[in-house]
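Residues per chain are reported as follows:
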Amino acid sequence: MVRQHRWFFLFATLAAVGLRLLFIFRFPAITTDSFIYGDIAKNWLQHGVYGLSGDGISPTYIRLPGYPAFLAAIFATFGMEHYRTVLVAQMFVDLGTCFLIADLTRRAVSARAAKLAFLLAALCPFLADYVAAALTETLEIFFTALALDFAVAGVNALDGGRWRCWIGCGVATGAAILLRPDGGLLLASIGLYLAWIGVLRIRTKRSWFPVLRAAVLLGVVSLAPLVPWTLRNLHTMQRFQPLAPRYANEQDEYVPMGFNRWVKTWMADYTSVEEIYWPVPGAAIDGEKLPARAFDSDPQREQTLQLAEDYNQVLHVTPELDARFAALARARIHAAPLRYYVWLPAARIADMWLRPRTELLPSDPRWWEFNDDPWPSTLAVSMGAINLAYCLAAMAGFVRRRDLPHLGLLLTFVMLRSLFLGTLENPEPRYTLECYPVVILLAGALFTKTAPNHA
């Protein structure tokens with residue numbers, strides 16, 4: 001297909017490169033997390049210790065080894081802390097993602113839809129934005145698209161003995177898990193889809209052994225990379241830790257679970273993540289920035305503001321303060337369980353999907369108040385409109401092409417990931433970017449009726 005439409009792919013690729021270079025040189029993002037990954041990579045290279053600098057070098061397991069290994073490869077080749085080189089390398093990875101999305105769309109929809117999907121991926125500002133951030137997202141999206149592409153190819157050839165597809169799917173899924181713990185949702189989604197195919201084969205009296213063999217290959221290959229990591233943690237940290245800790249905490253680091261649970265009783269949007277959740281501990285809680293949904297009554301408002309003020313005196317969540325946050329959370333959950341277990345998770349999911357994806361750009365998180373300068377406000381509105389257009393096109397593509405093969409696999413991944421994200425205290429829009437290969441595929445399907453190419 002690329003040979004047949006070489007000029008289209010050439011110019012679309014050049015446009016993709018130009019857009020990504022714009023973000024790399026205009027909006028590079030080397031965040032606190034970037035430096036944590038970079039510190040681990042440097043210590044790994046220079047001292048042979050997977051750890052963090054401080055009072056000496058302390059072994060750690062707060063981050064999985066996938067992204068530090070990527071940084072270490074760049075640092076070893078181009079010199080320590082060459083983060084700009086990291087971003088350029090990520091640009092080429094993301095170009096690969098564009099071709100993978102096109103190939104996935106070709107298999108599941110058609111060649112014509114694949115061209116449109118490639119163009120939508122090449123010009124997607126959200127993929128380009130995270131190319132310019134020294135974070136895991138670009139690599140995670142790449143391996144997600146690769147795993148889904150292999151899975152579709154593997155299902156198309158279940159009875160043909162093409163087991164290399166499932167080995168490739170397992171390698172890609174394992175890489176996604178080594179980058180982020182939630183990469184395991186990819187394995188769960190593909191596993192559930194294979195289980196459903198197995199049930200259908202049993203009901204129609206077809207052999208289910210090919211499905212079982214594919215599932216075993218996928219599981220073994222996906223989880224094999226975690227074995228050395230788990231053994232290392234057992235040996236070095238004396239703890240069974242096959243993934244990274246949920247709160248990225250060190251072994252002896254106190255986690256204020258009561259505070260976290262209280263946050264989940266009212267958290268619904270990314271703005272509060274920046275203003276309240278991330279600054280704690282270390283910075284004061286501004287009671288004026290707590291939303292109205294954080295209080296059920298005037299007495300509870302006074303209780304909450306007093307608790308925030310007591311925290312502000314020490315800027316640390318002590319066990320005593322954490323117990324008070326936990327008691328407040330229990331009272332709020334008891335008063336409105338549906339709010340805690342249904343409505344707020346749904347609001348967090350909606351916020352992650354629909355918010356303007358400007359968290360790395362110079363736009364105010366409270367973009368709807370238009371208190372910013374004209375340029376950042378315009379940027380926020382534009383990014384929000386583009387994101388909404390992608391999502392609406394995907395929804396329309398789904399409605400129009402509900403007969404697509406493998407739609408169950410793609411939707412299972414999107415739904416499972418979205419439900420998981422609803423359980424988090426910190427609804428960050430970047431967490432839904434791993435679903436964008438599916439979004440772009442469905443948007444491409446909106447404009448075609450041609451049969452898919454299973455090759």
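Residues numbered from 1 in each chain as written. Predicted model: local features only at pLDDT ≥ 70, side-chain atom pairs only at ≥ 80, totals over all residues. Heavy atoms only, no water.

**Concerning the overall build of the protein**
For clarity, the cut-off: Secondary structure elements are taken from DSSP: a helix is a run of H or I of four residues or more, a strand is a run of E of two residues or more, and numbering for both begins at the N terminus. Three exposure classes are used, based on accessible area relative to the maximum for each residue type with a 1.4 Å probe and protein chains only: buried under 20%, partly exposed in between, and exposed over 50%. Contacts: residue pairs with any heavy atoms within 4.5 Å of one another. The protein chains shown are the only cover counted for residues, whose accessible areas, like all others here, come from Shrake-Rupley with a 1.4 Å probe. Here Asp and Glu are counted as negative and Lys and Arg as positive; His is not counted, and neither are the chain ends. To locate a charge, take NZ of a lysine, CZ of an arginine, CG of an aspartate or CD of a glutamate.
When helices and strands are counted, the protein shows 19 helices and 2 strands. For the protein, the spread of C-alpha atoms along the principal axes amounts to about 65 × 50 × 50 Å. Every one of the 455 residues in the protein was classed for burial, and the buried ones make up 53%. Put simply, of all contacts in the protein between residues at least 6 apart along the chain, 74% involve residues at least 24 apart. Per element, the accessible surface of the protein, about 20100 Å² overall, is 65% carbon and sulfur. Taking the average location of the 41 positive side-chain charges in the protein and that of its 37 negative ones, the two points are 16 Å from each other.

**Digging into a nonpolar patch on the surface**
Cut-off, in case you're wondering: Put simply, a patch holds well-exposed residues, over 30% relative accessible area, that have no salt bridge, with like charges counted together within 9 Å and Val, Leu, Ile, Met, Phe, Trp or Tyr side chains within 5 Å. Only one rule defines a salt bridge in this text: a Lys or Arg side-chain nitrogen within 4 Å of an Asp or Glu carboxyl oxygen.
On the surface, Ile202, Trp208, Phe209, Leu212, Val216 and Val220 cluster together to form a nonpolar patch covering roughly 590 Å² of accessible area. By the secondary structure assignment, Leu212 is in helix α10 (residues 209-223).

**Topic: unusual backbone geometry**
Residues Val280 and Pro281 are joined by a peptide bond in cis, for which omega reads -5 degrees. Relative to the helices and strands, Pro281 is located in the loop between α13 (270-277) and α14 (298-314). Residue Ala248 is not a glycine yet carries a positive backbone phi of 50 degrees. Although it is not a glycine, Leu315 sits at a positive phi angle of roughly 55 degrees. Within the secondary structure, Leu315 is located in the loop between α14 and α15 (319-335). Residue class for Leu315 comes out partly exposed when judged on its relative accessible area of 32%.

**Describing the side chain of Glu140**
Here Glu140 shows up in helix α7 (residues 137-156). Lacking a salt bridge, the buried Glu140 has Arg417 as its closest oppositely charged neighbour, with an N-O distance of 5.5 Å. When neighbours within four sequence positions are excluded, Glu140 is seen to be in contact with Ala176, Leu179, Arg180, Asp182, Gly183 and Glu434.

**Section: the pattern of salt bridges**
Any two side chains of opposite charge can pair if their charged atoms end up close together. Evaluated as defined, the whole model comprises 23 salt bridges. For Arg355, the salt bridge is made with Asp269, and the minimal N-O distance between the two is 3.9 Å. Note that Arg355 is positioned in the loop between α16 (337-354) and α17 (374-400) and Asp269 in the loop between α12 (257-264) and α13, a separation of 86 residues in sequence. Like Asp269, Arg355 is buried. A cluster of three or more residues bridged by salt bridges with shared partners is formed by Glu137, Arg180, Asp182, Arg417, Glu428, Arg430 and Glu434.

**Concerning the nonpolar core**
Put simply, the rule is: Only buried Ala, Val, Leu, Ile, Met, Phe, Trp, Tyr and Cys residues count toward a nonpolar core, and they belong to the same one when joined by side-chain atoms within 4.5 Å.
Tyr67, Trp166 and Ile190 are the most contacted members of the largest nonpolar core, which has 90 residues in total. Here the element with the most residues in this core is helix α4 (residues 83-108); it accounts for 10 residues. With residues near it in sequence (within four places) discarded, Tyr67 still touches Tyr37, Val86, Gln90, Ala133, Ala134, Leu135, Thr136, Leu139, Leu178 and Leu179. Core analysis: the next-biggest nonpolar cluster, separate from the first, contains 22 residues, Trp262, Met267, Phe295 and Leu307 among them.

**What to know about the pairing of strand β2 (residues 56-59)**
Keep this limit in mind: Paired strands are those between which DSSP finds at least two bridges.
Relative to β2, strand β1 (residues 51-54) runs antiparallel, the two being bridged by 4 bridges. If you follow Gly54 over to β2, its bridge partner there is Gly56. A loop of 1 residue connects β1 with β2, the two strands running antiparallel in sequence.

**Here's the deal with the environment of Gln306**
Along the polypeptide, Gln306 turns up in helix α14. The spatial distance from the C-alpha of Gln306 to the C-alpha of Arg107 is 59 Å, given a sequence separation of 199 residues.

**Side note on the packing of aromatic side chains**
So the rule is basically this: Only centres within 6.5 Å qualify two rings of Phe, Tyr or Trp (six-membered ring in Trp) as a pair; their planes then separate them into stacked at under 30 degrees, edge-to-face at over 60, and tilted for everything else. Here, a charge over a ring is recorded when the distance from Lys NZ or Arg CZ to the ring centre is within 6 Å and its angle to the ring normal is within 35 degrees.
According to the stated counting rule, one finds 24 aromatic pairs in the structure shown. Ring geometry for Trp7 against Phe11: centres 6.1 Å apart, planes inclined by 25 degrees, an arrangement best described as stacked. Linking Trp7 with Phe11, this pair stays in helix α1 (residues 6-26), spanning 4 residues, or about one helical turn. Measuring from centroid to centroid gives 5.0 Å for Trp262 and Phe325, while their planes differ by 40 degrees, and the two rings are tilted. You can see Trp262 sitting in helix α12 and its partner Phe325 sitting in helix α15, a full 63 residues away along the chain. Given the relative accessible area of 1%, Trp262 is considered buried. Judged by its relative accessible area of 1%, Phe325 is buried. Cluster of aromatic residues (ring-pair linked, three or more members): Phe259, Trp262, Trp266, Tyr277 and Phe325. In this structure, Arg246 is placed above the aromatic ring of Tyr247, and the distance from its NZ or CZ to the ring centre is 4.4 Å.

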